[in-house]
Amino acid sequence: QNNVPNTFTDAETGIVFNSWGIPNGSPQSQGGWTFGMALPSDALSTDATEFIGYLVECASKDAAGWCGFSLAGPMTNSLLITAWPHEDTVYTTLRYAGGYAMPDKYAGNAEITQIRSSQNSTHFSLVFRCKNCLQWDHNGSTGGASTSGGFLVLGWVQAFPSPGNPTCPDQITLEQHDNGMGIWGAVLDENVANPSYTAWAAQATKTVT
Ligand code: HEM
């Protein structure tokens, strides 16, 4: 995937994102994926605690599957976001893994609220606010992603089987992911930090639990 970000504006919300991804058709992941991020206006000088994320295109097959992101890069010892579609809703859960096995429900105070979501037979999308997501504390295991350096290390993963218990994010079950994974260096440019961040974040009014 690209390290230097692309910048695009989501037509529906006007939110400006830096984005990284793997194109549909590439060998690493069937269907490809794109992840976008927007940050508070001072995020390139003062570490942000939150972001607006955009799962622009997570791959799915017949509305099944899930995609995940690691906010430190590796699967372990990092705050993990898992998202999947089910009927008309895209669900999320924040997770944390000490090892390469089913991650625990994250014990810290991070919170996802949604701005909008959509899905079709091959992909699903979600625009969401992730509050308290850039520093974490899972039962004393701490870490974080620093935005002031202008560079993040992030991880991605995709899978085609849907989670078990899909309407109950705290109690999903997963099989080991089967549609690619990786760690990438995500360069942040000046477009990622925007004076409109506060107004955009205020649009995140939908809680899906
Ligand atoms: C990598 C297992 C769920 C994110 C791996 C690897 C294993 C594994 C064995 C290393 C594979 C290799 O290097 O060839 C599992 C199992 C899961 C699970 C058994 C659930 C039952 C998740 C979830 C996320 C995630 C929910 C994120 C939301 C990643 C990432 C990598 C990875 C980003 C690549 C980076 C790394 O190797 O640390 N997983 N995983 N995994 N996993 Fe998972």
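Report on the accompanying structure. Residue positions are given per chain, counted from 1 along the sequence in the order it is written. Reporting in this predicted model follows two pLDDT cut-offs: at least 70 for local features of residues, and 80 or more for side-chain atom pairs to be given and counted; totals over whole chains, interfaces and linings ignore these cut-offs and use all residues. Note that the side-chain values use all heavy atoms of the structure and ignore hydrogens as well as water.

1. Brief notes about the overall build of the chain
Okay, step 1: Numbering goes from the N terminus for both helices and strands, where a helix is a DSSP run of H or I of at least four residues and a strand is a run of E of at least two. Of the regular secondary structure elements, the chain holds 1 helix and 15 strands.
Okay, step 2: For 209 residues, the compact-globule estimate of 2.2 N^0.38 gives 17 Å, and the chain sits close to it at 15 Å.
Okay, step 3: Projected onto its principal axes, the C-alpha coordinates of the chain cover approximately 40 × 40 × 35 Å.
Okay, step 4: Only protein chains enter the area calculation, which uses a 1.4 Å probe; residues under 20% of their type maximum are buried, those over 50% are exposed, and those in between are partly exposed. Taken across its 209 residues, the chain has 53% of its residues classed as buried.
Okay, step 5: In this analysis, two residues are considered to be in contact whenever any of their non-hydrogen atoms come within 4.5 Å of each other. Residue pairs in contact within the chain that sit at least 24 positions apart in sequence constitute 62% of those at least 6 positions apart.
Okay, step 6: Methods summary: accessible areas were calculated by the Shrake-Rupley approach with a probe of 1.4 Å, and residue burial reflects only the protein chains presented. Split by element, the accessible area of the chain, about 8,900 Å² in all, is 48% carbon and sulfur. Only C-alpha atoms enter the radius of gyration, while the globule expectation follows 2.2 Å times N to the 0.38, with N the number of residues.

2. Examining the pairing of strand β6 (residues 79–86)
Okay, step 1: Taken across its 8 residues, β6 has 7 buried, putting it largely inside the fold.
Okay, step 2: DSSP calls a pair of strands paired once it identifies at least 2 bridges connecting them. Pairing between strand β5 (residues 66–70) and β6: 4 bridges, direction antiparallel. Considered in β6, the bridge of G68 is made with T82.
Okay, step 3: Counted along the chain from β6 to the antiparallel partner strand β7 (residues 89–96), the turn is 2 residues long, and its residue E87 has a positive phi close to 50 degrees.

3. Description of the coordination of the iron atom of the ligand
Okay, step 1: Sodium, potassium and calcium take a 3.2 Å donor cutoff, other metals 2.8 Å, and in both cases only N, O and S atoms count; water is not among them, so sites may look incomplete. Distances from the iron atom of the ligand to its protein donors, M75 (SD) and H177 (NE2), fall within 2.0 to 2.1 Å.
Okay, step 2: Note on geometry labels: four donors, all angles 85 to 135 degrees, give tetrahedral; four donors become square planar and six octahedral when opposite donors are over 155 degrees apart and every other angle is between 65 and 115; remaining cases are irregular. Bound by 6 donor atoms, the iron atom of the ligand shows angles of 87 to 179 degrees at the metal and therefore octahedral coordination geometry. Of the two residues, M75 is situated in the loop between β5 and β6 and H177 in the loop between β13 (151–159) and β14 (181–187); the sequence distance between them amounts to 102 residues.
Okay, step 3: Assessed through its relative accessible area of 21%, H177 is described here as partly exposed.

4. Points about the layout of surface pockets
Okay, step 1: Considered as a void within the structure, the largest pocket measures approximately 450 Å³ in volume.
Okay, step 2: A cavity here means a set of 1 Å grid points, computed over protein atoms only, where a 1.4 Å probe fits but cannot escape. A pocket is an open set with protein on both sides within 12 Å along at least 5 of 7 lines, and lining residues have an atom within 4 Å of a point. Lining the largest pocket are 25 residues, and of these W66, M75, Y100, V157 and H177 lie nearest its centre.
Okay, step 3: Mapped onto the lining of the largest pocket, the elements with two or more residues apiece are β5, β6, β13 and β14.
Okay, step 4: Here the element with the most residues in the lining of the largest pocket is β5; it accounts for 4 residues.
Okay, step 5: Considering only residue class, the lining of the largest pocket consists of 15 nonpolar, 8 polar and 2 charged.
Okay, step 6: Grid points are joined across faces, edges and corners, and a volume is the space filled by probe spheres set on the points. There is about 310 Å³ of room inside the second largest pocket.
Okay, step 7: As for the second largest pocket, its lining consists of 14 residues, of which T92, T93, L94, D170 and T209 are closest to the centre.
Okay, step 8: Of all the elements in the fold, those that place two or more residues in the lining of the second largest pocket are β7 and β9 (111–119). Lys, Arg, Asp and Glu make up the charged group, whereas Ala, Val, Leu, Ile, Met, Phe, Trp, Tyr, Cys and Pro make up the nonpolar group; the residues left over, Gly among them, are polar.

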